[in-house]
Amino acid sequence: MQRFTPDPDSPYTIDECKIRGRADSVSVPDDEEELRSEIERCFSSKTPVTINAMRTGLCGGGVPDGGEVISLERLDRIIGIGRKEDGYFVRVQPCVTVRTLRDTMLMKHIDGLKDVTEGACDSFLKDQRKFFYPVDPTEMDSSIGGNIAANSSGPRTFKYGPTRDWVISIKVIFSDGRTVRIDRGKHFASGKHFSADVDGIHLEFDMPSYDFNTNVKNAGGLYSKDDMDLIDVFIGSEGILGVICEADVLLAEWHPLISNIAFMPDDTSALSLIKDVRHDPIIAPEFLEYFDSGSIDLIRRVSDSDPTILRPPEERCSAVFLDMALDDTIADRYDRLFDLIRKNGGDPSKSWAGHDQDDRGRMFEFRHSVPKSIFEYVASLKEEMPALNKMGTDMSVPEDKSDEMMAFYRETLDSFGLEYVIFGHLGNFHPHVEIILKDLEDLRKAREAYAILAQKAVDLGGSPSAEHGIGKLKRDYIRMMYGEKGIEEIRSLKRYFDPEMILNRGDMIE
Amino acid sequence: MSDLRIAVMVKQVPDPNLVEISEDGRLMRENVPSMIDPFGKMALQHAITNKCQHHVDAISMGPMQAQDVLRKSLEFGADDAYLISGREFAGADTIATARTMAAFLSMRDYDLVFCGMQATDGDTAQVPSELAVFLGFNIYSYATSIDLENMTVTQSYERADVVSKLSLPAVITFMRPPHGCVQIPSMTDYVSALKKEIKVVGFADLGIRMCDTGAKGSRTKVKSVSTIIPKKKSTEFIDGADTVSAASAIMKEVKG
Ligand SMILES: Cc1cc2nc3c(=O)[nH]c(=O)nc-3n(C[C@H](O)[C@H](O)[C@H](O)COP(=O)(O)OP(=O)(O)OC[C@H]3O[C@@H](n4cnc5c(N)ncnc54)[C@H](O)[C@@H]3O)c2cc1C
């Protein structure tokens, strides 16, 4: 196992929110056994441990505040395939990336994988159907373990639900090194109380008394529901209760999709098209995103310097991205889509469609260039202003409050005189508002505005963190949701699993 | 010029980023996703960008799977698509390929034939010139842009761009995509492509002899392929304004 002291600018002390932490040491276990003994060692010496996977997190979850960083990067193997009912699941080590899992399964490159259930690999290979892992947290280089810790979701959540829905078994190492495998469907709470014998370990504890909001996309705090499944305690727990060292995730049957970008004259017409399309039974979109005119302006600027990025139309416009299943009914879907685009003032002949890997890949890069260029911009300012970090919202509200929230974003940020772009998953009423900071004064204003926006999202019955989690950056916002009592209950649950409070210290709660 | 008939020759090639070369120099195409040959795609983009009221056909010669690149061409806005396919055409070298395609093109009265400057699998760049010879068309190679309103074509001659008046009928080979061209099919073109059929043209439709096409009509056979590492050469440019003194300068150089 590699162990070293990180440099001040080490990649192990920062994640994609660009907050820089500090650590005394970094260890990189080669296998599960080394991981377990390293955690045990930290437990005995009461050394705080921060778990790092691919560090694409956006809320500082993997950013250490002293102590040791344990990087899971070498636990990156797909272990095997299992059969379940009519489909399959895959057993993975925690640091397998979403991209690797998707490509390996789609291409059926499964040489050397084990049968998790008898004959599964052979039957998977012979199956005429194609399968894939459908959760797509936009950042394809994030890890499955990180996704489980954050209960990640993404544009495909609109059709497939968040990570939680696809995890059927996990192996968790507690802070003292004890390890359990938890299978979905085996252990349930009675109300909020758990009393279960798992792998020879007796677990008995109470979940927080609040009811976790599942009416909206939500990654804010620990999941807590009456009669919940034990596995769900750990999914979305951001590594504060234990380290996930193995997981079984379900695969979905793959079908071809066609991606579309409808360019609309302005933000209002794009939002109105989204409303028309969202529940349309003929179009049945599988993915629905909004890009305001500011985002499209940004892409135009990116394509000036990077010709591999598709160039949007020259006239000012907004855009709606949607995927549809490519099947026999595709012509009817388009008839309907054209009607709705035209009704809202758009022109299908100036909009894009593509179904092959090349076209879809380029459309993906087109939309990804918005968050990517903002990350790069913030990173470039960081040298001059180390205190700067990215300020993007990740809030969701119920459907009937979506317009109100959208207007509130603009009103609030305009009143602070901040520059911003709005884009993202409007299928789930969850756009990202990226505030484009120019200096530290902007950062101060953005923090103030952010708190106002988060409170509004909570007041409207939504979540201040729909998909990125709480980490160290958004602790104040879960106080808005659960109050002091809720936070105290999370703390006492953490103390039950992690009595020395060494795991991911500072994440979710102080 | 109005109502020109334009043929665009597109070839299906294995994705160059994924294809490997076997020890005996063969391209290992098996299981490698294929794509529209990049230069052929540029030719198509020039045709579509300049389309207006002209008629654009996409044409490919290859196995039935090559329908994919024709479907793609239709999605990009081609009006019709033809696949020249059949066992008889297998193993055709450049001359047999050009002769076969010329037989088809000459039946359809085209004003312009757009090609990529070369296909990225064979890389010979021979087929377009051979097509021009068989069809009796003019040829404009290495074009970078074309203006069908003013009937001019711009060709890149390494150190200079040459703009010529276009004299029809002609074969044009393109080496660059048009400026600001569409990179993704429009929704409307995509949908009209759904309704179109790709017409398959066989040996019997062409009125050619067996000895003109396929392996039998080929004059060359690939024995092996190897990568040549070019020797460093220095090039001296001689001013050609005065041809006589330029010629004597060359003679002096050659004689030493
Ligand atoms: C451009 C971009 C776009 C993004 N878009 C989305 C999006 O659409 N939806 C979304 O949900 N997220 C998104 N993210 C955020 C990020 O990709 C996810 O949060 C992802 O799940 C993090 O995975 P990771 O492997 O990078 O984890 P890390 O960043 O390394 O860790 C994230 C957190 O999980 C903990 N952790 C990681 N692995 C484990 C484990 N095995 N056991 C216990 N705890 C663990 C870490 O300690 C940390 O607290 C985006 C990020 C970027 C950069």
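If you're wondering where the values come from, they're calculated on a predicted model, not measured in any experiment.

Some remarks on the site of the ligand
All names here are of chain A.
Thinking step 1. Around the ligand, a shell composed of 36 residues is seen, among which I51, R55, T56, S143 and S153 lie nearest.
Thinking step 2. Between the ligand and H425 there is a distance of 3.4 Å, counted from an oxygen atom to a side-chain nitrogen or oxygen.
Thinking step 3. E467 is positioned with one of its side-chain polar atoms (N or O) 2.8 Å from an oxygen atom of the ligand.
Thinking step 4. Taken by itself the ligand offers 970 Å² of open surface, and the protein chains cover 97% of this.
Thinking step 5. Of all the elements in the fold, those that place two or more residues in the shell around the ligand are β3 (49-52), α4 (144-150), β13 (243-250) and α10 (357-382).
Thinking step 6. For the shell around the ligand, the leading source of residues is α4, giving four residues.
Thinking step 7. The class makeup of the residues in the shell around the ligand is eleven nonpolar, 19 polar and six charged.

With respect to helix α5 (residues 187-194) of chain B
Thinking step 1. Taken residue by residue, α5 of chain B has M187, Y190, V191 and A193 of chain B as its buried positions. Buried residues of α5 of chain B fall within an arc of 155° about the axis and therefore sit on the same side.
Thinking step 2. Residues of α5 of chain B that are buried make contact with β15 (257-264), α9 (330-343) and β18 (352-354) of chain A together with α2 (67-75) of chain B.

Thoughts on the sheet that holds strand β4 (residues 68-71) of chain A
Residues and elements named next belong to chain A.
Thinking step 1. In space, the four strands of this open sheet follow the order β1-β2-β4-β3, with mixed pairing throughout. Only two strands of the sheet have a single partner each, and these edge strands are β1 (2-4) and β3. Ignoring which end each strand starts from, the neighbouring axes of this sheet average 20° apart.
Thinking step 2. The pairing of β3 with β4 spans four bridges and is classified as parallel. Opposite I51, over in β4, you have I70 as the bridge partner.

Considerations on the packing of aromatic side chains
Residues and elements named next belong to chain A.
Thinking step 1. Summed over the entire model, instances satisfying the criterion amount to 27 aromatic pairs over all chains.
Thinking step 2. Taking the centre distance of 5.2 Å and the plane angle of 40° together, the rings of F174 and F497 count as tilted. Of this pair, F174 sits in the loop between β9 (167-173) and β10 (179-183) while F497 sits in helix α13 (residues 475-497), and the two are 323 residues apart along the sequence.
Thinking step 3. Plain terms: the ring middles of F291 and F321 are 4.6 Å apart, the flat faces sit at 25° to each other, and that makes the pair stacked. With a gap of 30 residues between them, F291 in strand β16 (residues 287-291) and F321 in strand β17 (residues 318-325) connect regions that are remote in the sequence. For the pair F291 and F321, a shared accessibility class is recorded, and that class is buried.

Observations concerning unusual backbone geometry
Thinking step 1. The omega torsion of the bond from L168 of chain B to P169 of chain B falls at -10°, within 30 degrees of zero and hence cis.
Thinking step 2. Even without a glycine there, the phi angle at A284 of chain A is positive, about 40°.
Thinking step 3. With respect to the helices and strands, the residue A284 of chain A is situated in the loop between α7 (267-278) and β16.
Thinking step 4. One non-glycine residue, Y142 of chain B, lies in positive phi territory at about 50°.
Thinking step 5. The topology assignment puts Y142 of chain B in strand β9 (residues 138-147).

Section: the side chain of K225 of chain A
Residue and element names in this part refer to chain A.
Thinking step 1. Structurally, the position occupied by K225 is in the loop between β12 (201-206) and α6 (231-234).
Thinking step 2. Side-chain polar atoms of K225 contact the side chain of D211, separated by 3.3 Å.
Thinking step 3. Those residues in contact with K225 that lie beyond four places of it in its chain are G191, K192, D211, F212 and T214.

Quick look at the nonpolar core
Thinking step 1. Counting 65 residues, the largest nonpolar core has L101, M105, I170, V233 and F234 of chain A as its most contacted members.
Thinking step 2. Among the elements that line this core, the one with the most residues is α13 of chain A, at seven residues.
Thinking step 3. In this structure, V277, M324 and Y420 of chain A together with Y190 of chain B belong to the second largest nonpolar core, which totals 51 residues.

Some thoughts on the interface of chain B and chain A
Thinking step 1. Contacts between the two partners involve twelve residues from chain B, matched on the other side by 24 residues from chain A.
Thinking step 2. For the pair chain B and chain A, the summed buried area comes to about 1500 Å², and 66% of that belongs to carbon and sulfur atoms.
Thinking step 3. The three residues of chain B that bury the most area against chain A are I184, M187 and Y190 of chain B, which together make up 47% of that side's buried surface.
Thinking step 4. Between D358 of chain A and K41 of chain B there is a salt bridge; the shortest N-O distance is 3.8 Å.
Thinking step 5. Between the two partners, chain B and chain A, sit six residue pairs in polar contact (both at pLDDT 80 or more).

Examining the pairing of strand β10 (residues 152-157) of chain B
Residues and elements named next belong to chain B.
Thinking step 1. Alignment of β9 against β10, held across four bridges, turns out to be antiparallel. If you follow A143 over to β10, its bridge partner there is Q155.
Thinking step 2. Count of turn residues in the β9/β10 antiparallel hairpin: four residues, of which M151 carries a positive phi of about 55°.
Thinking step 3. Taken together, the six bridges between β10 and strand β11 (residues 160-165) define a ladder with antiparallel strand orientation. Looking across to β11, one finds that S156 is bridged to D161.

Details of a nonpolar patch on the surface
Residues and elements named next belong to chain B.
Thinking step 1. A cluster of nonpolar residues, I238, I250 and V254, forms a patch on the protein surface that exposes about 270 Å² of accessible area.
Thinking step 2. In this structure, V254 sits in helix α7 (residues 243-255).
Thinking step 3. Relative accessible area serves as the criterion here: at 64%, V254 is assigned to the exposed category.

A short note on the sheet that holds β15 of chain A
All names here are of chain A.
Thinking step 1. Taken in spatial order, the seven strands of this open sheet run β18-β15-β17-β16-β20-β21-β19, and their pairing is antiparallel. For this open sheet the edge positions go to β18 and β19 (391-392), each flanked by a neighbour on one side alone.
Thinking step 2. Its contacts with the sheet place α9 against β15, β17 and β18, and it is angled at close to 160° to β17.

Some words on the side chain of D507 of chain A
Residues and elements named next belong to chain A.
Thinking step 1. Summarising the element assignment, D507 is placed in the segment after α13.
Thinking step 2. There is a polar contact of 2.7 Å between the side chain of D507 and the side chain of K472.
Thinking step 3. When sequence neighbours within four positions are dropped, the list of residues in contact with D507 reads G60, G61, E238, I240, G471 and K472.

As for the packing of helix α8 (residues 293-305) of chain A against α10 of chain A
Residue and element names in this part refer to chain A.
Thinking step 1. Axis separation between α8 and α10 bottoms out at 9 Å; the angle between their running directions is 85°. If you check the angle between α8 and α10, you find them roughly perpendicular. In this structure, α8 contributes S295, I296, L298, I299 and V302 to the contact, and α10 contributes F366, S369, V370, S373 and I374.
Thinking step 2. The class makeup of the residues in the contact of α8 with α10 is seven nonpolar, three polar and no charged.

Regarding the state of the cysteines
Residues and elements named next belong to chain A.
Thinking step 1. Summed over the entire model, instances satisfying the criterion amount to zero disulfides over all chains.
Thinking step 2. The closest cysteine sulfur to the non-disulfide-bonded C245 is located on C95, 13 Å from its own sulfur.
Thinking step 3. On the accessibility criterion, C245 (1% relative accessible area) is buried.

Quick notes on the domain arrangement of chain A
All names here are of chain A.
Thinking step 1. Domain annotation for chain A reports domain 1 (2-71), domain 2 (78-253) and domain 3 (257-459).
Thinking step 2. Contacts between domain 1 and domain 2 engage ten residues on the former and 16 residues on the latter.
Thinking step 3. Summing both partners gives a buried area of about 1200 Å² for domain 1 against domain 2, and 70% of it is carried by carbon and sulfur.
Thinking step 4. Of all residues in domain 1, E32, I39 and M54 bury the most surface against domain 2, accounting for 38% of the area lost on that side.
Thinking step 5. Our count for the domain 1 to domain 2 interface comes out at one salt bridge.
Thinking step 6. Scanning the region where domain 1 abuts domain 2 turns up two residue pairs in polar contact (both at pLDDT 80 or more).
Thinking step 7. Here the side of domain 1 that touches domain 2 takes six residues from helix α1 (residues 32-44), the largest share from any one element.
Thinking step 8. When its residues are assigned to classes, the side of domain 1 that touches domain 2 shows six nonpolar, one polar and three charged.

Parameters and conventions
Residues numbered from 1 in each chain as written. Chains lettered and ligands numbered in written order. Predicted model: local features only at pLDDT ≥ 70, side-chain atom pairs only at ≥ 80, totals over all residues. Heavy atoms only, no water. Near = heavy atom within 4 Å. Polar contact = N/O pair within 3.5 Å; in protein donor to acceptor, adjacent residues only side chain to side chain. Areas by Shrake-Rupley, 256 points an atom, 1.4 Å probe, with all protein chains shown as cover. Helix = DSSP H or I, 4+ residues; strand = E, 2+ residues; numbered from the N terminus. Nonpolar A, V, L, I, M, F, W, Y, C, P; charged D, E, K, R; others polar. Buried < 20%, exposed > 50% of the residue type's maximum accessible area, 1.4 Å probe, protein only. Arc of directions from axis to C-beta. Contact = heavy atoms within 4.5 Å. Pairing = 2+ DSSP bridges. Axes fitted to C-alpha atoms, helices over the stretch in contact; angles between N-to-C directions. Phe/Tyr/Trp six-rings, centres within 6.5 Å; stacked < 30°, edge-to-face > 60°. Core = buried A, V, L, I, M, F, W, Y, C linked by side-chain atoms within 4.5 Å. Buried area = accessible area lost by both parts, 1.4 Å probe. Salt bridge = Lys/Arg side-chain N within 4 Å of Asp/Glu carboxyl O. Patch = residues over 30% accessible without salt bridge, like charges linked within 9 Å, V, L, I, M, F, W, Y side chains within 5 Å. Parallel < 35°, antiparallel > 145°, perpendicular 65-115°, else oblique. Disulfide = S-S within 2.5 Å. Domains from an automatic or database assignment.

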